[in-house]
Amino acid sequence: MNIKLRLIVMNFFQFFIWGSWLLTIGAYWFQTLPTVYPAIDPVTHASVWTNSAFGALFSTMGIASLFAPSLLGIIADRWINAEKLYGICHILGAAVLFALPMVKDPTVMFWVLLLNMIFYMPTLSLSITVAYTALKNRGANVVIDYPPIRVFGTIGFIVALWTVSLLGIETSAGQFYVASAASLFLGLYAFTLPKCPPLLSLKQNKSLMDALGLTSFSLFKDRKMAVFFIFCLLLGAALQLTNAYGDTFLHDFGKVEKYQHLTAVKYPAIIMSISQISETLFILAIPFFLRKFGIKYVMFFSMVAWVLRFGLFAYGNPGDGLWMIILSCIVYGMAFDFFNISGSLFVETQSDPAIRASAQGLFMMMTNGFGAVIGSSVSGLVIQKYFTYADGEKDWFGIWMAFAGYALVIATLFLFVFKHKHDPDTIKNIHEEPLLATE
């Protein structure tokens, strides 16, 4: 099989696994678990399947991102072939995903999902390592050849959403069995990929501080970089909110008779997949915006897009307001891509080449690590305390408007606090680099 096709298969299933449950686990938690396992808290006399517990559950991705990729990266650098470690992680992840539906307690589910994310999150970087090594060993140009391969990851994510939606398992445990089967297949398939042996022994040994990327924290000594990373954390808190609550938000409309027959209520994951389709389109627009406006304003546009993302959800509905939900999904492409890609380019242009890789790791740690943990945990507590009625129903308008207000405050502060002058010459040789996003 052609190496590019083999890597396409790898990327497709890499994100198919994630897409099988990431956006729909909220519907499973809020729509199904309280009826299948109707446990009651002995103190509050309320269902144990709370918003705050779900916020903690969704924070597992951020918690795992803080340490697992770095630790497994060290193992791949020093002792085990990257493709074998990649395969082992997916096989172990498949076992955990298969066991997840057996869990009847929210605390246990937190630990089980955290274990799954410890296995899954490192595979995101390991898949890049395997792909880059395979392409370079065959004389390919990574800048030119990898982006068309990587886009099949987004396609895999979209196909997964459509699969669980059309199979009618958005609110059932079936989504985890689909993800488990895909993970097992990819884990076994990984052992057939080109060999990617450890190379650190062939080079000068790095210290543990270097390997963990901790030397990049020296960037906080620079005021501009410190401000930038603080805003990365603050905005990172908003990045996964609609992934956590968007699907169950649409499912809740099914409780209203006039909406029950509508497509958006029957197949919410398909509607939400418009967000990922939008990502692939906005990636193509980023070079123009960077050249025209510069990194600061592209990031500002991203923050404004988050305001629109949440605000349109607040006023939208599956009936005459469906256009607002669809527009919100389209805006998501700008909100997600413009922040992640322009942010990584800012780090690329502002950090010393000696710590550039670890600086990128710090950028991801602040957004997908600390930001995601804080956002998931705090949002769950806020929703539970301020936007959940006595009968357990949610004030979705209040929830989305609160998120929109938060994003608006962040955008306003960023515009005035972050000081950076646009220099077109700085990015003229960068805008043609691969501009990729991670769902």
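Before reading further, recall that the structure is shown in the block above.
It should be emphasised that the depicted structure is a prediction, and the values quoted were computed from it without experimental measurement. (Residues numbered from 1 in each chain as written. Predicted model: local features only at pLDDT ≥ 70, side-chain atom pairs only at ≥ 80, totals over all residues. Heavy atoms only, no water.)

Participant: A description of the nonpolar core should follow, citing residues and the corresponding values.
Facilitator: By size, the foremost hydrophobic cluster in this structure holds 132 residues, and its most contacted members are Trp 18, Trp 21 and Phe 229. Looking at which element gives the most residues to this core, the answer is helix H6 (residues 106-137), with 15 residues. (Core = buried A, V, L, I, M, F, W, Y, C linked by side-chain atoms within 4.5 Å. Buried < 20%, exposed > 50% of the residue type's maximum accessible area, 1.4 Å probe, protein only. Helix = DSSP H or I, 4+ residues; strand = E, 2+ residues; numbered from the N terminus.)

Participant: Requested: an account of the packing of aromatic side chains, with residues and values cited.
Facilitator: With the rule as written, the count across this model stands at 41 aromatic pairs. Consider the rings of Trp 396 and Trp 400, whose centres lie 5.8 Å apart with planes at 20°: the pair is stacked. Of this pair, Trp 396 and Trp 400 both sit in helix H17 (residues 396-417), four residues apart, roughly one helical turn. Across this residue pair, the class does not change: Trp 396 and Trp 400 are buried. Positioned above the aromatic ring of Phe 313, the side-chain terminus of Arg 309 is 4.9 Å from the ring centre. It is Lys 394 that lies over the ring of Phe 30; its NZ or CZ is 3.8 Å from the centre. (Phe/Tyr/Trp six-rings, centres within 6.5 Å; stacked < 30°, edge-to-face > 60°. Lys NZ or Arg CZ within 6 Å of the ring centre and 35° of its normal.)

Participant: Before we move on, could you go through the side chain of Asn 51 and cite the residues and values that matter?
Facilitator: Assignment of secondary structure puts Asn 51 in helix H3 (residues 51-58). Residue Asn 51 is classed as buried on the basis of its relative accessible area of 3%. A distance of 2.8 Å separates a polar atom in the side chain of Asn 51 from a polar atom in the side chain of Thr 388. Discounting chain neighbours no more than four positions away, the residues touching Asn 51 are Phe 30, Tyr 245, Gly 380, Ile 383, Gln 384, Thr 388 and Lys 394. (Polar contact = N/O pair within 3.5 Å; in protein donor to acceptor, adjacent residues only side chain to side chain. Contact = heavy atoms within 4.5 Å.)

Participant: Please provide a residue-by-residue account of the environment of Ala 64, values included.
Facilitator: Residue position: Ala 64 is located in helix H4 (residues 60-78). With relative accessibility at 0%, the residue Ala 64 sits in the buried group. With near-sequence residues (within four places) excluded, Ala 64 lies in contact with Pro 69, Leu 114, Met 117, Ile 118 and Met 121.

Participant: Give a description of the packing of helix H11 (residues 241-252) against helix H13 (residues 268-293) that names residues and reports values.
Facilitator: The geometry of H11 relative to H13 is characterised by a closest axis approach of 9 Å and an angle of 140° between their N-to-C directions. With respect to H13, the element H11 is oriented oblique. The two elements H11 and H13 meet at a crossing, and its hand is right-handed. Each of Thr 242, Gly 246, Asp 247, Leu 250 and His 251 in H11 lies in contact with H13, whose residues at this interface are Pro 268, Ala 269, Ile 271 and Met 272. Grouping the constituent residues of the contact of H11 with H13 by class yields five nonpolar, three polar and one charged. (Axes fitted to C-alpha atoms, helices over the stretch in contact; angles between N-to-C directions. Parallel < 35°, antiparallel > 145°, perpendicular 65-115°, else oblique. Left-handed = near helix turned anticlockwise from the far one by under 90°. Nonpolar A, V, L, I, M, F, W, Y, C, P; charged D, E, K, R; others polar.)

Participant: Can you break down the packing of helix H5 (residues 82-99) against H6 residue by residue, with the values?
Facilitator: Contact geometry for H5 and H6: axes closest at 9 Å, N-to-C directions at 155°. Considering the angle they form, H5 stands roughly antiparallel to H6. As for the relative orientation of H5 and H6, their crossing is left-handed in sense. Contacts from Ala 82, Glu 83, Leu 85, Tyr 86, Cys 89, His 90, Leu 92, Gly 93, Val 96 and Leu 97 of H5 reach H6 at Val 112, Leu 115, Asn 116, Phe 119, Tyr 120, Thr 123, Leu 126, Ser 127, Thr 129 and Val 130. A class-by-class count of the residues in the contact of H5 with H6 yields 13 nonpolar, six polar and one charged.

Participant: Account for the side chain of Ser 376, naming residues and giving values.
Facilitator: Relative to the assigned elements, Ser 376 resides in helix H16 (residues 356-386). In this structure Ser 376 comes out as buried when scored by relative accessible area, which is 7%. Side-chain polar atoms of Ser 376 contact the backbone oxygen of Ala 372, separated by 2.9 Å. Residues in contact with Ser 376, not counting those within four places in the same chain, are Gly 55, Ala 56, Phe 58 and Ser 59.

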